[in-house]
Each structure stands twice: as structure tokens, then as C-alpha cells.
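# Residue-level structure breakdown
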There are 2 protein chains.
Amino acid sequence: MTASNAFGSGMVIQQRNLVEQVADFLTQAIISQHYAPGERLSEVQLARDLGVSRAPVREAARLLESRGLLVSQPRRGFFVRALDAAELNDVFDLRLCLERHALARLVENYDAEKEQALRRQVELMCEVALNDSDSRKIEEDLVFHRMLIAFAGNRRLLRTFDDITHELRLCMALIGKTHADPDSIATCHWALLDALASGDREQCREAVDYHIGVARDYVVQGIGEAS
Amino acid sequence: MTASNAFGSGMVIQQRNLVEQVADFLTQAIISQHYAPGERLSEVQLARDLGVSRAPVREAARLLESRGLLVSQPRRGFFVRALDAAELNDVFDLRLCLERHALARLVENYDAEKEQALRRQVELMCEVALNDSDSRKIEEDLVFHRMLIAFAGNRRLLRTFDDITHELRLCMALIGKTHADPDSIATCHWALLDALASGDREQCREAVDYHIGVARDYVVQGIGEAS
DNA sequence: CGATTGACGACTGTCGACAGCTTGGTATCG
DNA sequence: CGATACCAAGCTGTCGACAGTCGTCAATCG
């Protein structure tokens, strides 16, 4: 991946932490099922494969552990997190909790600017649903929901959402398929925006409950089939 | 703390990670204001002082960073987290979000056993309010609220609560004083239990909102005075 | 034949060392 | 005298190495 900057094109500042690079690599490898759930990761082997020492590998693994993508056992090492249906249910229950709260806050200070930004995102999601890859669809969906939380104005809430986002990516990738139909995506998300525009708190809550409920049922069912 | 086992008493297997020990030390040092908010921590100096190498120190620091007690700047090191009033408000807003949800779940499957356990904890808090240190009072209060979340049955929710718990300890220790009056503690927490016993969801929500609101106002006000 | 024990191999936890960066102070120049 | 450039000290990021521990598998004993 190259980038353009003030010094011309292709001049990439290769100064990002090794830790971040390793973390990105590991995240991709886990999300893309390159490692199986429950698989053990060897620090030495990873370090050899990536051409770095064990220190950054270890630090990146701890980072992914805090994000819920890996679990560690003392003196045994790191293992790819294997989410079962119950844990998945808990994650979606927490997500419901967060998004309910965010929309209750957001509806209090909703304005045209926020509405326009959200509408643009939904339109982008519809385009993406037609042409792009599954992972791209998932990312844009998460961007939409992240915008909802961000607009609510609580940065700590946003951080918690980002935390569970990694787990969501994990299990969404796990079930593989996504509802690609752009019509369903549009109606599903516009219902949320309509509820917000109405300014009615109860209507927002119902919309969120329905939205997250559908997503949860879809994923939990997918996990049930997969395992 | 010593433990009894099959070989008699006091025979403790001292094999805890250095990382955990350093993390505990750092946590205590930060909570007890031994380090000032915003202060820079040197890995080398900490390693020297504790008689260990930099690796466990660094790992423990990263752990505390994920818990929100430290923040890191690349190539600059770790700094003690300095919470301002806005961040504090966000933390309490998130806590409100979590406890509301937990009580809504808990009221659905509330039983005598859970009620008894919670009542015992409130009684313990009243005793502690008379005799013990501030930090002990804070701990027992957190235990009570942790029980509420745990009884709700969502482990992911509990993990998130544990996360913000560290930040709560930080700011509670920051303002120093606690409402020591056992009467107010009793009435304040029994109102929650009464709402749970009533089985009415709306009543629970009001009780939680009031409870967390009081705590938030108290702490935010304390921070305002301190800074 | 099944269970226990012992050794082997691999790995994690921890350590000390080096290079590059950041920082604060000092010297130089306008 | 003020501002800029430079320099030294300390620190973080990264590395390779060693010791203790865990899992595995074969050999031994009942």
C-alpha cells in the first residue's frame, strides 16, 4: 500500500510501530479465517515469519487480547478466540445496550448536518452492497453504526463500541455471508433515520431493538449452522 | 494474604507473573496518588526501582493503558491518566447505560437467592462505612454494583463494567472523601433492591437513574473542586 | 495391556544490550 | 538580547539470548 504526500508519490513514511503492523497483520489473518478459531499461535514462529523479533509480536498479541480477538493462557501462549453462541449473544446484547443509549442521547441534539451525513453513509452502503466484497460491506455497516455512536457525543461510549466492533468483525466474518440485498439494507437503516428524525425517543428505541435484534438473530443462526 | 490447603496453612505457591505484580504495584501507586495525574513514568527507572527488567514493566504498563489508568505517546512513554470533568461525565454516562441494562435484565429473573446476597452486601457496606478506610468503602460499593451486573447474566457486559471500574476507582480516589454516612448508604441502595423486588421495570430504571446520577454529581463536583 | 514415569523438544517469561528518537540545555549568530 | 542551531543525556523501540516450564512421546513397571 503506497500513499501520496507533500513530497511526491510513493514516498511512504515507514515509521509506524512494528507493533501496529503486526497487530494489523494478525487481525487480518484472524478475520480472514487464515487461523482457525482456537488455534494456537507461536510467538517464535510468528516472529520468524514476519521477520521481526518476539517483542513486537508479543505486544501486538496482548493488544489483540484486549480487543477480544485472542485469549492467552499463562505459560501456554495465545489462542485465536473461539466465540460460541452464548458469547455472541452477550456481545449483541451489549451492543443493543450501547446503541439504545446512543440514540436516546442523539435524538436530543439531532440536526440536519448529522442527518445528512448518516443518509450519505446509507447511500454508500447501498452502492457497496451491489459491487464490493463482503468485508467491505461489513466495514461500511460498522461505519454507519459508529457514526451513530459518535454523534451521541460520549467518547467513552464510542471506545467501548470500538472494542466490541472487533468481536463483531470476527463473528461476522465467521459466518461468511452477508445480506447483500441493497433494498433491505436501505429500508432497514432508513427506519432508524426516520425514527431519529421523528424525535420520538420511544420510536428510536423500537427501531434500534428491531435493527440489532435482526442482526443478532442472523449472526447467531449463522454460528449455529457453522459449528 | 495467605491461604490454607491440603498441606496445611500458609503454604502459598508464589508463582504469579512479574507482570501482574508490577501491574498491581502500579495500580496501587496511581490510585493512592503516589504519582500525580499527567506524570510521566520511566520504564527504566521503574524497572530499577522494582528490581526487574523493562519487559514486565512495559507489559504491565500496556495492561494499565488498556484499563484506562495510563496513556501512552509513541516514543515518549507512559503518562498517568488525567481525567477531566467531561471524561468523568462520559464514564458515568456509560455506567448508567450499563446498569440500566443490567437491571432491566436482572428484574426478569430475580429470585430470593440473589436478593439475599445483595442484601447481605448492603449490610456489609453499612458496617464498613462505620469502621474502615475510604478505599475499603469504595471497594465494597463496587462489589455491590458488580453483583448487580453479574446477576444480569451477560459476561461481556460484566467485562465492560470491570473496565470502567478501574477508571471509577481512579477518580473516586482522586476526590478523596466518600459519603461515610451508613444511613444514606443503606437507604440509597435499598431503594434499588426495593425496585428490583417490585418487579417493575420502570421503577428499576428510575432507581438506577437516581442512584448513578447522585454518584456522578458527587464525583464531578469533587473533581471541579480538586482542579 | 494400561498406567506411570522420565526425558526430549518447544515455548514462554524474563533479561541485558544497542540504535534511533526526543528533550532540555548550551553555544552561536544576527 | 532574542532566536536559531547544535549537542549531550536519557529514553523508547527492538533485538537476541537464557532459564524454567509445559506438552509429548517413548520406555518402564504393575
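No experiment lies behind these values; they were computed from the predicted model shown.

### Things to note about the overall build of chain A
Each helix and strand counted, chain A has nine helices and five strands in total. Counted from the first residue to the last, chain A has its helices and strands arranged as β-β-α-β-α-α-β-β-α-α-α-α-α-α. Considering chain A as a whole, with its 227 residues, one finds that 45% of them fall into the buried category. Taking the contacts inside chain A whose residues are at least 6 apart along the sequence as the reference set, 67% of them involve residues at least 24 apart. Counting only carbon and sulfur atoms, one obtains 51% of the accessible surface of chain A, whose full area is about 11700 Å².

### What about the interface of chain A and chain B?
Facing the 27 residues of chain A at the interface are 27 residues of chain B. Overall, the association of chain A and chain B removes approximately 2200 Å² of surface from exposure, summing both partners, and the carbon and sulfur fraction of that is 41%. Where chain A meets chain B, there are 10 salt bridges. The salt bridge partner of Glu167 of chain A is Arg156 of chain B, with a shortest N-O separation of 2.8 Å. Along the contact surface separating chain A from chain B lie 16 residue pairs in polar contact (both at pLDDT 80 or more). Here the side of chain A that touches chain B gets 10 residues from one element, more than from any other, and that element is helix α4 (residues 85–106) of chain A. Taken together, the residues of the side of chain A that touches chain B break down into seven nonpolar, six polar and 14 charged.

### Some remarks on the protein's contact with DNA strand C
In the vicinity of DNA strand C, 22 residues are found, and the nearest of them are Arg54 and Arg58 of chain A together with Leu18, Ser53 and Arg76 of chain B. Considering DNA strand C, the proportion of its atoms within 4 Å of the protein that are sugar or phosphate atoms stands at 75%. Between DNA strand C and the protein, one listed contact pairs a phosphate oxygen with a backbone N or O atom of Leu41 of chain A at 3.5 Å. Between a phosphate oxygen of DNA strand C and a side-chain N or O atom of Arg58 of chain A, the distance comes to 2.6 Å. Within the residue set of the surface near DNA strand C, elements represented by two or more residues are β3 (40–41), α2 (43–50) and α3 (54–66) of chain A together with α1 (18–31) and α3 (54–66) of chain B.

### Notes on the protein's contact with DNA strand D
Taken together, 22 residues lie around DNA strand D, and Leu18 and Ser53 of chain A together with Arg54, Arg58 and Arg75 of chain B are the ones closest in. For DNA strand D, the backbone makes up 76% of the atoms found within 4 Å of the protein, where backbone means sugar plus phosphate. In this structure, Leu18 of chain A approaches DNA strand D through a main-chain N or O atom, which is 2.8 Å from a phosphate oxygen. Elements with a minimum of two residues in the surface near DNA strand D: α1 (18–31) and α3 of chain A together with β3 (40–41), α2 (43–50) and α3 of chain B. Among the elements that line the surface near DNA strand D, the one with the most residues is α3 of chain A, at three residues. A breakdown of the residues in the surface near DNA strand D according to their chemical character gives eight nonpolar, five polar and nine charged.

### Regarding the relation of the copies chain A and chain B
One chain copy maps onto the other through a rotation about an axis and a shift parallel to that axis. If you rotate chain A by 180° and push it 0.0 Å along the axis, it lands on chain B with an RMSD of 0.1 Å. Put plainly, the chains are arranged around a two-fold axis. A share of 100% of the interface residues of chain A reappears at the interface of chain B, consistent with the copies meeting face to face through the same patch.

### As for empty space enclosed by the protein
Enumeration over the complete set of coordinates arrives at four cavities of 30 Å³ or more. Within this model, the largest cavity holds a volume of roughly 60 Å³. As for the largest cavity, its lining consists of Ser66, Arg156, Thr160 and Asp163 of chain A together with Arg156, Arg159, Thr160 and Asp163 of chain B. Elements with a minimum of two residues in the lining of the largest cavity: α7 (155–175) of chain A together with α7 (155–175) of chain B.

### Let's talk about the side chain of Lys114 of chain B
Residue and element names in this part refer to chain B. In this fold, Lys114 is placed in helix α5 (residues 112–131). For Lys114, which is buried and forms no salt bridge, the nearest opposite charge comes from Asp111, at a distance of 4.2 Å. The contacts of Lys114, once residues within four sequence positions are left out, are Leu106, Asn109 and Phe151.

### Some details on the UniProt feature "coiled-coil region" (unreviewed entry) in chain A
Per the UniProt entry, the sites bearing "coiled-coil region" (unreviewed entry) are residues 100–127 of chain A in this numbering. End-to-end, the C-alpha atoms of residues 100–127 of chain A are 27 Å apart, and along that stretch the chain is 82% helix and 0% strand.

### Some words on unusual backbone geometry
With a phi angle near 65°, Gln33 of chain A is a residue other than glycine that sits in the positive phi range. Within the secondary structure, Gln33 of chain A is located in the loop between α1 and β3.

### Brief notes about the packing of helix α6 (residues 134–152) of chain B against helix α8 (residues 182–198) of chain B
All names here are of chain B. One way to put it is that α6 packs onto α8 with a least axis distance of 12 Å and a crossing angle of 10°. Overall, the two elements α6 and α8 adopt an arrangement that is roughly parallel. The hand of the α6/α8 crossing is left-handed. Across the interface between the two elements, Asp141, Phe144, His145 and Leu148 of α6 pack against His189, Leu192, Leu193 and Leu196 of α8. When the residues that make up the contact of α6 with α8 are grouped by side-chain class, the tally is five nonpolar, two polar and one charged.

### Here we look at the sheet that holds β3 of chain A
Residue and element names in this part refer to chain A. On the basis of which strands lie adjacent, the open sheet formed by three strands has the order β3-β5-β4 and antiparallel pairing. For this open sheet the edge positions go to β3 and β4 (70–73), each flanked by a neighbour on one side alone. Bridging between β3 and strand β5 (residues 77–80) involves two bridges; their strand directions are antiparallel. Looking at β5, one finds that Arg40 is bridged to Phe79.

### Some words on the sheet that holds β3 of chain B
Here we have three strands laid out as an open sheet, ordered β3-β5-β4 (chain B), and antiparallel in their pairing. The open sheet has two edge strands, β3 and β4 (70–73) of chain B, and neither has a second partner.

### Section: α5 of chain B
Residues and elements named next belong to chain B. In this model α5 runs 29 Å from its N-terminal to its C-terminal C-alpha over 20 residues, within 8% of the 28 Å that 1.5 Å per residue would give. When we look at burial in α5, the residues that qualify are Lys114, Glu115, Ala117, Leu118, Gln121, Val122, Met125, Cys126, Val128 and Ala129. As for α5, its buried residues are in contact with α4 (85–106), α6 and α8. A distance of 3.2 Å separates the backbone nitrogen of Glu113 from a side-chain oxygen at the start of α5, and that oxygen is part of Asp111.

What counts and what doesn't
- Residues numbered from 1 in each chain as written.
- Chains lettered and ligands numbered in written order.
- Predicted model: local features only at pLDDT ≥ 70, side-chain atom pairs only at ≥ 80, totals over all residues.
- Heavy atoms only, no water.
- Helix = DSSP H or I, 4+ residues; strand = E, 2+ residues; numbered from the N terminus.
- Buried < 20%, exposed > 50% of the residue type's maximum accessible area, 1.4 Å probe, protein only.
- Contact = heavy atoms within 4.5 Å.
- Areas by Shrake-Rupley, 256 points an atom, 1.4 Å probe, with all protein chains shown as cover.
- Buried area = accessible area lost by both parts, 1.4 Å probe.
- Salt bridge = Lys/Arg side-chain N within 4 Å of Asp/Glu carboxyl O.
- Polar contact = N/O pair within 3.5 Å; in protein donor to acceptor, adjacent residues only side chain to side chain.
- Nonpolar A, V, L, I, M, F, W, Y, C, P; charged D, E, K, R; others polar.
- Near = heavy atom within 4 Å.
- Least-squares fit on C-alpha atoms with pLDDT ≥ 70 in both.
- 1 Å grid on protein atoms, 1.4 Å probe; cavity = no way out; pocket = protein on both sides within 12 Å on 5 of 7 lines; lining within 4 Å.
- Points joined across faces, edges and corners; volume = space filled by probe spheres on them.
- Lys, Arg positive; Asp, Glu negative; His and termini not counted.
- UniProt positions renumbered as here; feature names shortened; annotations may be inferred.
- Axes fitted to C-alpha atoms, helices over the stretch in contact; angles between N-to-C directions.
- Parallel < 35°, antiparallel > 145°, perpendicular 65-115°, else oblique.
- Left-handed = near helix turned anticlockwise from the far one by under 90°.
- Pairing = 2+ DSSP bridges.
- Expected span 1.5 Å × (residues − 1).

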